[in-house]
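Working through the structure, step by step
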Amino acid sequence: MRNLNIFLYEWKHFVRSPFKIVAVLLFIIASIYGLHNGADLYEKQNAEIERITREAEIKKETISSYFENNEKGPENRPWIDVTTPFWAIWNTPTYHFKTPSPAIVYNIGQTEQYGFYKAINTSSSPYDSDMTNEIANPERIQSGTLDFSFVILYLLPLMLLTLLYNIKGQEVEQGMLSLVFVQTGSKNSWILSRTTFYAIILIIILFCLILYGATLTKVFNLDIVFWKVFQWITIYLIFWLVIYFLIIKYGKNTVSNTLQMIGIWLLLAFIIPATIQQYISINKPTNLMVDIIDVSRDKKGEINAQPIEMIDKQLFKLYPNLNATKVAKDTVIVSRVRGYSTDALINEEMKNATKNIEEDNNIKNEIISKTYWFNPITYFQNKLNQLTNTHYNDYEEYRNAIQKSVDKRNEIMVLDIWNDVKVDKSKYLEYNTIFSKNE
Amino acid sequence: MNNMIQIIKNEWRFLIRSHIFLGISIAFFLILLLSVFLGNFQTNKQEQTYQNAKDHVRQQWVSIDEMNPHSAAHYGTYIFKPSNLMSSLDEGVSSITGNVIRVEGHVQNEIVHSEASQMQTVSRFGKLKPSLLLQYIVPLLLVFLAFNSVSNEKLSGRLKLLVLQGSKPIQIMLSKTMSVWLYGVMLLTFVLLVYGILNMHSLTTDILIRTGFFFLSYCLYYFIICGLTVFFSSRWHNPTLALTSMLGVWIIWTMFMPNILMSSAEKWHSLPSRNEFQLAMKEDRSKGLDGHNPRDKRSIALKEKVLKEYGVDSLSQLPINFDGMRMQADEDYGNSVWDKHFGTNREILQKQKQSYQLGGIVNPFISLQNTSMGFMANDNLHHQEFLLQVENYRRDFIKMLNDKQTFGGSKTGDWGWKIDNAFFKSVPDFNYKPTQVFEVISYYMLDVIVLFLWSILVIALIVFGTKKIQIV
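Residues numbered from 1 in each chain as written. Chains lettered and ligands numbered in written order. Predicted model: local features only at pLDDT ≥ 70, side-chain atom pairs only at ≥ 80, totals over all residues.

1. Observations concerning the overall build of chain A
Heads up, the rule is: The helix count covers DSSP runs of H or I at least four residues long, the strand count covers runs of E at least two residues long, and both are numbered beginning at the N terminus. Note on method: radius of gyration uses C-alpha positions; expected globular size equals 2.2 Å times residues raised to 0.38. Any residue with 12 or fewer other C-beta atoms within 10 Å of its own C-beta is exposed, any with 20 or more is buried, and the rest are partly exposed; the C-beta atoms used are placed from the backbone. Throughout, a pair of residues is in contact if the C-beta atoms placed from their backbones lie within 7 Å.
Broken down by element type, chain A carries 16 helices and two strands. A compact globule built from 439 residues should have a C-alpha radius of gyration of about 22 Å, whereas chain A, at 30 Å, is more than 25% larger. Along the three orthogonal principal directions, the C-alpha set of chain A runs to about 105 × 45 × 35 Å. Each of the 439 residues in chain A was classed as buried or not, and the buried ones make up 42%. Taking the contacts inside chain A whose residues are at least 6 apart along the sequence as the reference set, 81% of them involve residues at least 24 apart.

2. Points about the interface of chain B and chain A
Contacts between the two partners involve 73 residues from chain B and, on the opposite side, 68 residues from chain A. Those elements that provide at least two residues to the side of chain B that touches chain A are helix 2 (19–62), strand 2 (77–80), helix 4 (130–146), helix 9 (239–268), helix 10 (274–286), helix 12 (322–358) and helix 14 (380–407) of chain B. Here the element with the most residues in the side of chain B that touches chain A is helix 9 of chain B; it accounts for 14 residues.

3. Here we look at the environment of A:L268
Residues and elements named next belong to chain A. By secondary structure assignment, the location of L268 is in helix 10 (residues 254–283). Looking at L268, the number of C-beta atoms within 10 Å reads 20, which means it is buried. Distance from L268 to F374, taken between C-alpha atoms, is 8.2 Å for residues 106 residues apart in sequence. Residue contacts for L268: discarding those within four places in its chain leaves P376 and I377.

4. So, unusual backbone geometry
All names here are of chain A. Phi at M289 takes a positive value of approximately 60°, unusual for a residue other than glycine. Position of M289 among the secondary structure elements: in the loop between helix 10 and helix 11 (290–305). Here the phi dihedral of D420 falls at roughly 55°; this positive angle occurs in a residue that is not glycine. By the secondary structure assignment, D420 is in the loop between helix 15 (392–418) and helix 16 (425–435).

5. Points about the pairing of strand 2 of chain B
Residue and element names in this part refer to chain B. Using the following cut-off: Paired strands, as defined in this entry, are two strands with at least two bridges between them according to DSSP.
Side chains T77 and I79 project from strand 2 onto one buried face, and the interleaved Y78 and F80 project onto a second face that is buried too. Pairing geometry for strand 2 and strand 3 (residues 100–103), over four bridges, is antiparallel. Opposite T77, over in strand 3, you have V103 as the bridge partner.

6. Examining the packing of helix 2 of chain B against helix 7 (residues 169–198) of chain B
Residue and element names in this part refer to chain B. How we decide: Axis lines are fitted through C-alpha atoms, for helices just across the contact stretch, and the angle between N-to-C directions can take any value from 0 to 180 degrees. Handedness of each helix crossing follows the sense of rotation of the near helix against the far helix: counterclockwise by less than a right angle gives left-handed, clockwise gives right-handed. Each residue is assigned to one class: nonpolar for Ala, Val, Leu, Ile, Met, Phe, Trp, Tyr, Cys and Pro, charged for Asp, Glu, Lys and Arg, and polar for all the others, Gly among them.
As a packed pair, helix 2 and helix 7 sit with axes 10 Å apart at the nearest point and diverge in direction by 35°. Handedness of the crossing formed by helix 2 with helix 7: right-handed. Within the contact between the two elements, helix 2 uses F28, F29, L32, L33, V36 and N40 and helix 7 uses L187, F190, V191, V194, Y195 and L198. Looking at the contact of helix 2 with helix 7 residue by residue, the class counts come to 11 nonpolar, one polar and no charged.

7. A look at the environment of A:E134
Looking at the secondary structure, you find A:E134 in the loop between strand 2 (117–119) and helix 4 (138–143). Overall, A:E134 belongs to the buried group, with 22 C-beta atoms counted inside 10 Å. Not counting the four nearest positions on each side in its chain, A:E134 is found in contact with A:G115, B:S273 and B:R274.

These figures capture arrangement, not role.
Written out as structure tokens, the structure reads:
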């Protein structure tokens, strides 16, 4: 009953405080804007994927028509012969996509730092230039998109501050604190009840916003992501409620409480993450990918300049089945096909180079993860990134999948070349089916 | 004037006597010192990485024993984006943009491998650089120092006393503003002095001028913050209300509006997707000459023209290598296509920037951000200038190779012809020429003017507020 009275009193106080009402309204507007930004990105990426798929389909039809018309390729490029595995695979348009999760509506995470579609060929690498982010204004990316997670991680604590800053402080300044304690019995439960009132209001608002977000994309198609997002946002809210509760409990007046609240927020939102990022940049400066450059220039040249026996030895080691192929036994045609097969060896070298880079990046990620205990905002940000498939790891998986796709393409190409496979329309369509599986 | 100086002196005396203020000030000086040191150290370390990579790639190039010039054009080179000295103060977009760009024949590659893509998310507001503290934290400190400067005087009755002693209310208000503003200026000066001492040997006139404009922008912004806070403090009896109002302004200006305005500017003037951009380039390029295809119609036309010019009947009679000429014609056409499409993108980016700059009319923080990273040579404009220099270098580099192929003594179709190491050593390396401030200053004038206009508006508010102030 006492708690109910406190709630009713707080409700009156809340509706009579234009400052607090405006803060809540601004928060809701920012949230809706953020949710729409996420939904827009989801739509935009899906539309782009659809467009690229259509283009690939057109190219596939063009190549198919060569088979139907008994042609070997475009008229002005007579060196192309799509009946050979090399040129048929070269002309099999394959894209690997990082399909956006519907949960991106809540958090775009690191989406804008990477590409989401990749044209695959036998010499592709997950670090090719088309893996970089979409054409965008870097100043906009630097200032960050106002997505829902930004509103939650940075504006929610500030809104909570505007709702709680004068709890107890106002009564102290008006000299009514003793009277309040006499009437309510316990100082802690009085502060807790008032804080809980705002917590309940915020949880209701957040739930409605998350639900609204779910209507913009197909979030409910994902198992429990909706509830997971709600759960983590609630935990985040409680985290800040506990901090602010302690400040109010031990604070002396409104101004001092406000200063402490904003001070903690600045520390957690700005100073600590910025210091960690600076520390990482000093310890592990930006990788300029010299290893990849070395492979794409010198290693490539070295591989191609090797004696024939050495190339064969490396190819046979990579694909043991190659030894028994038709071409391997025929010394006349082997020299011609060897040139088409070295992409597979270069691909292996490239994998070694990218492995080092990924390891280097993972060391950075480990350093970041080790700071989570005193760097909670980064922790919650990355948690949301994981839930919405926009985390670094999701893009690492995407890169790994691309690498697998390149490996598969090389393997099929080398084996088919060495088996002297003749490509017809059905074989060409088979290539398209195999390579488009993206697994 | 004497009254004002006296009030400012008094304000400082009060501040210095406060242990809390002294504690906070020491903490701020230390963290600013740390940010400058770390910023400088990080920039130097990145510069070292850059130099090593640059030397490594150059070494590869000058070590080519012998190679066909066109094979060398495909072999190409790599250019790394250098970090500039002023990144220690404000790194702007540097961590978002790529760092490596491949320079080769036939194609203009994109800059890749940004720092942000090499790890999971850490800080939404960048590294601990002085700009982070000067833009976000110092203004808040100024708000905390100024929010009760007038309201406290009213509550304690000192305001009446000051007026009775001969001070005019406007003088009191301006003095209060100036006393807090000077504190902000002192912090700013401290940062720049430490930066200057650490980089004494590398300071150039351009850096000094840029730093001067940087200083001016922050001074104006701090004046706006201090003046507005003092205005609120004079308007409201309750100091808490003045504080919360200014906190609201700060949140809207720094957290809310920059994101919204920038996202909106990007929607109003949208850029093409990369795939669309590349397809359009490919489409336009397919209308030109294919350097690798002698059967191409335009190649044949060019061949006829050259044969006529030299007065011979066949390519074998030509004293030059026509392959190189055809490659260069392909390049020239490709360059015009790139100019058209990249030019369109640059125009769109320019429009986005202008729209965003106009946002400064409602939010001076935007103007501050623009001038801060702009004068520190780390905004998108400087990034685009770097990309243009790279493209110009690429054109010279490829032309040198194609000319060697054409006029170096080989014959058409002689793809086995090679040139020796001396030639590769003679090809100049890319040498980035930092954009001089006077070449780009006009782009930031709007931001500086907006900051001045805001300062005038704040003075007007103070004057207006003084008229309505209740002394008793």
